[in-house]
Amino acid sequence: DCLLSRGLGDVYKRQEYILLEDDSIGYWGSEGKVGRIADNLTDFFELIVNCPYWIDYLDCSQYSSKERLRRFANIIYEEHVEMFEEDMDVQLGELQKELANKLNICLYEDVVNKVLIKLFDVANRKPGMTVTYTEKEGRKIESSGSVFF
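Quick caveat, the model's predicted, so the values are computed rather than measured. (Residues numbered from 1 in each chain as written. Predicted model: local features only at pLDDT ≥ 70, side-chain atom pairs only at ≥ 80, totals over all residues. Heavy atoms only, no water.)

(A) Molecular detail of the nonpolar core. Counting 21 residues, the largest nonpolar core has Tyr17, Ile37, Leu47, Cys51, Trp54, Tyr57 and Leu116 as the members making the most contacts within it. Of all the elements in the fold, those that place two or more residues in this core are strand S3 (25-29), strand S4 (34-38), helix H1 (41-50), helix H2 (66-88) and helix H4 (111-123). Broken down by element, the residue count for this core peaks at five residues, all from H4. Ignoring sequence-local partners within four residues, the contact set of Leu116 consists of Cys51, Tyr57, Tyr63, Leu69, Ala73 and Val111. (Core = buried A, V, L, I, M, F, W, Y, C linked by side-chain atoms within 4.5 Å. Buried < 20%, exposed > 50% of the residue type's maximum accessible area, 1.4 Å probe, protein only. Helix = DSSP H or I, 4+ residues; strand = E, 2+ residues; numbered from the N terminus. Contact = heavy atoms within 4.5 Å.)

(B) Structural context of the pattern of salt bridges. A full pass over the atoms with the stated rule returns eight salt bridges. The salt bridge involving Asp43 is made with Lys118; its shortest N-O contact spans 3.4 Å. Of the two residues, Asp43 sits in helix H1 while Lys118 sits in helix H4, which places them 75 residues apart along the sequence. Residue Lys118 is classed as partly exposed on the basis of its relative accessible area of 33%. Among the ionic contacts, a cluster of salt bridges with common partners joins Glu67, Arg70, Arg71 and Asp110. (Salt bridge = Lys/Arg side-chain N within 4 Å of Asp/Glu carboxyl O.)

(C) A look at the side chain of Arg36. Within the element layout of this structure, Arg36 appears in strand S4. Put simply, Arg36 is tucked away with no salt bridge, and the nearest opposite charge, on Asp22, sits 4.1 Å away. Within the structure, the side chain of Arg36 is placed 3.2 Å from the side chain of Ser24, a separation counted as a polar contact. (Lys, Arg positive; Asp, Glu negative; His and termini not counted. Polar contact = N/O pair within 3.5 Å; in protein donor to acceptor, adjacent residues only side chain to side chain.)

(D) Layout of the packing of H2 against helix H3 (residues 92-103). Direction vectors running N to C along H2 and H3 enclose 95°, while the axes themselves pass 9 Å from each other. Regarding the angle of H2 to H3, the classification is roughly perpendicular. Mapping the contact onto sequence places Tyr77, His80, Val81 and Phe84 in H2 and Leu92, Gly93, Leu95 and Gln96 in H3. Classifying every residue of the contact of H2 with H3 gives five nonpolar, three polar and no charged. (Axes fitted to C-alpha atoms, helices over the stretch in contact; angles between N-to-C directions. Parallel < 35°, antiparallel > 145°, perpendicular 65-115°, else oblique. Nonpolar A, V, L, I, M, F, W, Y, C, P; charged D, E, K, R; others polar.)

See the structure below:
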């Protein structure tokens, strides 16, 4: 399925989540990011419920230590809480609890160990995910690797 997300300047970016042959979940973004992001559907839903806008967590330099990652993740999460309150008048934590209950998945207090380290490991696992497509002009494009930068 394809999702559109709004980026800076109200530009919409295409995002696709792909069920791969090994039942893991792949990601392809219109800005060139490609990679595996979850081992299965449960891990995928835990990622998107525990870490909304999970793409904001993809700064590889923050994964050098768990403590550094924890500080980074807390800053990102607080920014998301503020954004949900200001832009949508919604309490992010309440929304996450409701989604977790409806999907019968875990909402973790320790997202570093339970979600983000798992994301990092699966995204960097070999073999990597490769996407090949042909542009309208006939030029063939291939993207592969990790979603991390």
